[in-house]
Amino acid sequence: MTASSSRRTPGTRPPRTALTGGILLWADGRLEPGSVVFGDGVIQTIAAGEVPAGTDPSDAVRVDIVHDATGCIVAPGFVDTHVHGGLGANFMAADAAAGIRISRWLAAGGVTSCLATTSGASADQLHRSLDGLAGLRGRLAGGHGVDLVGIHAEGPFLDPSHRGVHRPEHLRLPSPEAVDALLEAGDGAVKVVTLAPELPDGMDAVARLAEAGVHPSLGHSGASFQQAEAAVRRGLNRATHLFNALPPMHHRSPGPVPALLADPRVRCEIVGDGVHVAPEMVRFAVGVAGWERIMLVSDGSDVSGLQPGRQTRWDGTEVEVTEDGARTLTGAVAGGVDRLCDAVRTVVRLGGVETADALRMASAVPAESLDLTDRGRLIPGQHADLVVLDAELRVRTTYVRGEIVYDREETA
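Everything in this summary refers to the structure shown in the same document. The structure displayed is predicted, hence computed values, not measured ones.

Remarks on helix 2 (residues 123-135)
Here is step 1: Its 13 residues give helix 2 an end-to-end C-alpha distance of 19 Å, which sits within 8% of 18 Å, the value for a rise of 1.5 Å per residue.
Here is step 2: The complete set of buried residues in helix 2 reads Leu126, Ser129, Leu130, Leu133 and Ala134. Across the axial projection of helix 2, the buried residues extend over an arc of 135 degrees, all falling on one side. Across helix 2 from its buried face, at more than 90 degrees, point the exposed residues Asp124, Arg128, Asp131 and Gly135.
Here is step 3: Tucked into the core, helix 2 has its buried residues touching strand 10 (111-118), strand 12 (147-154), helix 4 (176-186) and strand 13 (190-195).

This is the structure:
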């Protein structure tokens, strides 16, 4: 994004930038004109109308640089709480090179923070990945990329009959010893654990995770309505890719989905690519739970961003990548290939979700689900994590801590 002015004012303070001329997603959900002024990595003020460089209308914030967002929406940066990789790299590698590639893919999709999501593996390999990812926490891509805020362990405590593409030999029961070993390997970085609470020791595992400050998430589970309710009472407060790898709703056997949607303590992930979940079901979920409890995720894997055709995932699984997603050679859905900007656009255009609500489902809701109070809304004092989207809801620029980490004009 080209700055229209770069005049610096005297003094030693860091320069302040105004992102002006666009439509802001205000914290109360309004989409109205305004400017965001930020400096030293945080939002300084939000102002109605434009703020030219050098002006000081409130005698509190002086602007040094102006970035023009005319014709665009300025929203909080997206928070992807369920992403495995991208551009041929998987977080299971748990090294800086993988982090750089994945950060590049996420930033181009408007993501400013993420949870590195692990997959099924042997206990030794999983624990090595968790240990390595714990060491990558913070800004990826050499300190100039998206913010890795922690780990989402998708398994290994999954129901074999709802395992999806997770290999059966990598599944384990959630014994106290297995849960403790997973948390110890993650060294405090594990924020979410997906599990099937109906497994032996599953309910105790939910309570154990909650007591450790980790968010238990029901997923890849055959739990009944009653078992889902019991898990929430024990501390479960999330649902992993709602509708997917779960029993379908039935009027005599409701399954876990209605229990999760009905309970105000639970926030639910939805893969909003139009493939994992029919747009009508996205509309249904938002209608039942409200946008405040639905968070968009990508569930992106290492094949996200690669050319269509047959690709091999990190674990050796062959998948067929198309514009609509990735499927195994037997036709099973094998994770997403879209990014959160694509999910926002899809649920607005196909799911009938209001633009402001969709944007908050990709920013405020996932941030709040992780107890992150320093991002997710355009509020003074929060991180200057911002995404600028054009009229087609495609990412033009992504900022992390006020620093441009993706600019479409520069990468075109």
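What to know about unusual backbone geometry
Here is step 1: Omega for the bond connecting Gly155 with Pro156 falls within 30 degrees of zero, at 15 degrees, which places this linkage in the cis form.
Here is step 2: With respect to the helices, strands and loops of the structure, Pro156 is situated in the loop between strand 12 and helix 4.
Here is step 3: Positive phi, close to 55 degrees, is recorded for Ala94, a residue that is not glycine.
Here is step 4: Tracing the sequence through the fold places Ala94 in the loop between strand 9 (89-90) and helix 1 (96-107).
Here is step 5: Residue Ala94 is classed as buried on the basis of its relative accessible area, which comes to 16%.

Focus on the sheet that holds strand 20 (residues 325-328)
Each strand in a sheet pairs with another by means of backbone hydrogen bonds, the pair being arranged parallel or else antiparallel.
Here is step 1: Spatial ordering of the open sheet is given by 18-19-20, a layout of 3 strands whose pairing is antiparallel. Each end of this open sheet is capped by a strand with a single partner; those strands are strand 18 (309-312) and strand 20. Here the strands of the sheet are splayed against their neighbours by 35 degrees on average, with no regard to which way each runs.
Here is step 2: By the bridge criterion, 4 bridges tie strand 19 (residues 318-322) to strand 20 in an arrangement that is antiparallel.

A word on the environment of Phe284
Here is step 1: Within the secondary structure, Phe284 sits in helix 8 (residues 279-289).
Here is step 2: Take Phe284: its relative accessible area is 36%, and that puts it in the partly exposed class.
Here is step 3: As a C-alpha pair, Phe284 and Glu318 span 34 residues in sequence and 33 Å in three-dimensional space.
Here is step 4: If sequence neighbours within four positions are ignored, Phe284 has contacts with Phe243, Met249 and Leu261.

Some points on the packing of aromatic side chains
Here is step 1: Considering all chains together, one arrives at 1 aromatic pair under this definition.
Here is step 2: Between Phe38 and Tyr399, the aromatic rings sit 5.5 Å apart at their centres with planes inclined by 70 degrees, giving edge-to-face as the arrangement. Here Phe38, found in strand 3 (residues 31-39), pairs with Tyr399, found in strand 22 (residues 395-400); they are 361 residues apart in sequence, far enough to count as distant. This pair shows no difference in class: Phe38 is buried, exactly as Tyr399 is.
Here is step 3: Taking NZ or CZ as reference, Arg30 lies 4.5 Å from the ring centre of Trp26, over its face.
Here is step 4: We note Arg339 situated over the ring of Trp105; from NZ or CZ to the ring centre the distance is 3.9 Å.

What counts, and at which threshold
Residues numbered from 1 in each chain as written. Predicted model: local features only at pLDDT ≥ 70, side-chain atom pairs only at ≥ 80, totals over all residues. Heavy atoms only, no water. Helix = DSSP H or I, 4+ residues; strand = E, 2+ residues; numbered from the N terminus. Expected span 1.5 Å × (residues − 1). Buried < 20%, exposed > 50% of the residue type's maximum accessible area, 1.4 Å probe, protein only. Arc of directions from axis to C-beta. Contact = heavy atoms within 4.5 Å. Pairing = 2+ DSSP bridges. Axes fitted to C-alpha atoms, helices over the stretch in contact; angles between N-to-C directions. Phe/Tyr/Trp six-rings, centres within 6.5 Å; stacked < 30°, edge-to-face > 60°. Lys NZ or Arg CZ within 6 Å of the ring centre and 35° of its normal.

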